[in-house]
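Results of the structural survey
What follows is the residue order along each chain.
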Amino acid sequence: MNHPRPESFGARLGAAFDAHGHLCVGIDPHEYLLSDWGLAQSATGALEFGLRVVEACAGRVGIIKPQVAFYERFGSLGFRALEDVLASARDAGLLVIADAKRGDLGSTFEAYAAAWFGADSPLEADALTVAPYMGFGSLAAPLAQAKSRGKGIFVLAATSNPEAGELQTATVSRGSQAGSSVAGSIAAAVAAYNAEHYEAERLGSIGVVIGATVDVDELGISVEGLAASPAAPVLAPGFGFQGAEAGDVRRILGASADHAIVTASRSILSAGPGGLGTAIDKQVRQVSEAYE
Ligand SMILES: O=C(O)c1cc(=O)[nH]c(=O)n1[C@@H]1O[C@H](COP(=O)(O)O)[C@@H](O)[C@H]1O
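Description of the structure in this document. Please read all numbers here as calculations on a predicted model, not as lab measurements.

Cut-offs used in this document
Residues numbered from 1 in each chain as written. Predicted model: local features only at pLDDT ≥ 70, side-chain atom pairs only at ≥ 80, totals over all residues. Heavy atoms only, no water. Helix = DSSP H or I, 4+ residues; strand = E, 2+ residues; numbered from the N terminus. Buried < 20%, exposed > 50% of the residue type's maximum accessible area, 1.4 Å probe, protein only. Polar contact = N/O pair within 3.5 Å; in protein donor to acceptor, adjacent residues only side chain to side chain. Contact = heavy atoms within 4.5 Å. Patch = residues over 30% accessible without salt bridge, like charges linked within 9 Å, V, L, I, M, F, W, Y side chains within 5 Å. Areas by Shrake-Rupley, 256 points an atom, 1.4 Å probe, with all protein chains shown as cover. Salt bridge = Lys/Arg side-chain N within 4 Å of Asp/Glu carboxyl O. Lys, Arg positive; Asp, Glu negative; His and termini not counted. Charge placed at Lys NZ, Arg CZ, Asp CG, Glu CD. Pairing = 2+ DSSP bridges. Axes fitted to C-alpha atoms, helices over the stretch in contact; angles between N-to-C directions.

**Observations regarding the side chain of Ser121**
The residue Ser121 is located in the loop between α6 (106-117) and β4 (127-130) in this model. Classification of Ser121 as buried rests on a relative accessible area of 12%. Within the structure, Ser121 has its side chain in polar contact with the backbone oxygen of Ala115 (distance 2.5 Å). Once residues lying within four places of it in the same chain are set aside, the contact partners of Ser121 are Ala114 and Ala115.

**Description of a negative patch on the surface**
On the surface, a cluster of negative charge is contributed by Asp215, Asp217, Glu218 and Glu224. If you trace the backbone, Glu224 turns up in helix α11 (residues 223-227).

**Some points on the sheet that holds strand β5 (residues 152-158)**
As summarised here, the arrangement of the eight strands in space is β1-β2-β3-β4-β5-β6-β7-β8, forming a closed barrel in which the pairing is parallel. Ignoring which end each strand starts from, the neighbouring axes of this sheet average 30° apart. Note: strand β3 (residues 95-102) against β4, three bridges, orientation parallel. Within β4, the residue paired with Ala98 across the bridge is Leu128. Helix-sheet contacts for helix α3 (residues 43-57) involve β1 (23-27) and β2 (63-66), and the interaxial angle to β1 is about 165°. In the packing of α6 onto the sheet, the strands contacted are β3, β4 and β5, and the crossing angle to β3 comes to about 155°.

Listed below in structure tokens is the structure:
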């Protein structure tokens, strides 16, 4: 069933929060998960895996996040499988964040945006994760394309991996954000972009990635700045397998928790195909209790 979609990504995200809460299920067909699920180590196995997750998510959550790398590893057949998973998610009315963590400069980034945002692209998704480490200005083309096509972008700011702090706490030496941490400068740039380009909306369409395992104060991120209207959505992976608990989302993200996407992959997917629905229901309950 195809639902008519509101115009901006931020508006669609707000509708998904209202209808289904804040949980996002990641689709990460790790090698060991394909084995545990009794599926082949192939694009066909990853396709079957993705389709079953989409089926279990439909009606239970509003947002999914396929991890592109687990499809890319099977080459063109893997991309074909991902295209089918994306099509099935679109048909199910799920909001799709393609986790491809793309990062490049100007005109090259424009081509990535065409791949993930193009209306006639087989890889079309609602939003894309991007890396800003070639400078926030390198995101100009995808930011403009996101705006014109009603898509969203999640910019890595403070990632959940333990080694990330070495770079992301470093001090920016030049420009309008001089003196801020790298993570803080990205968060501030995203907030400023939303204020300028999505001023009339409750939620901006440009978000940040903040791992649920990080200390936002130590990273120099202003969660109040992210929560100011229009609020920046926060994609927060790190729940479950990486150790963060959904019940702690308000403590971890403070004022920006209200606009957070609570993301988990392995902790849910390890329930296997038979237990997936129950595992999602349980996680949805835990997340909604955290928001009561
Ligand atoms: O952008 C992401 O989604 C992401 C950012 C980050 O800081 N940490 C992080 O774990 N992720 C992704 O989120 C997913 C986490 O998976 P689990 O640890 O199994 O829940 C993986 O697909 C990661 O690539």
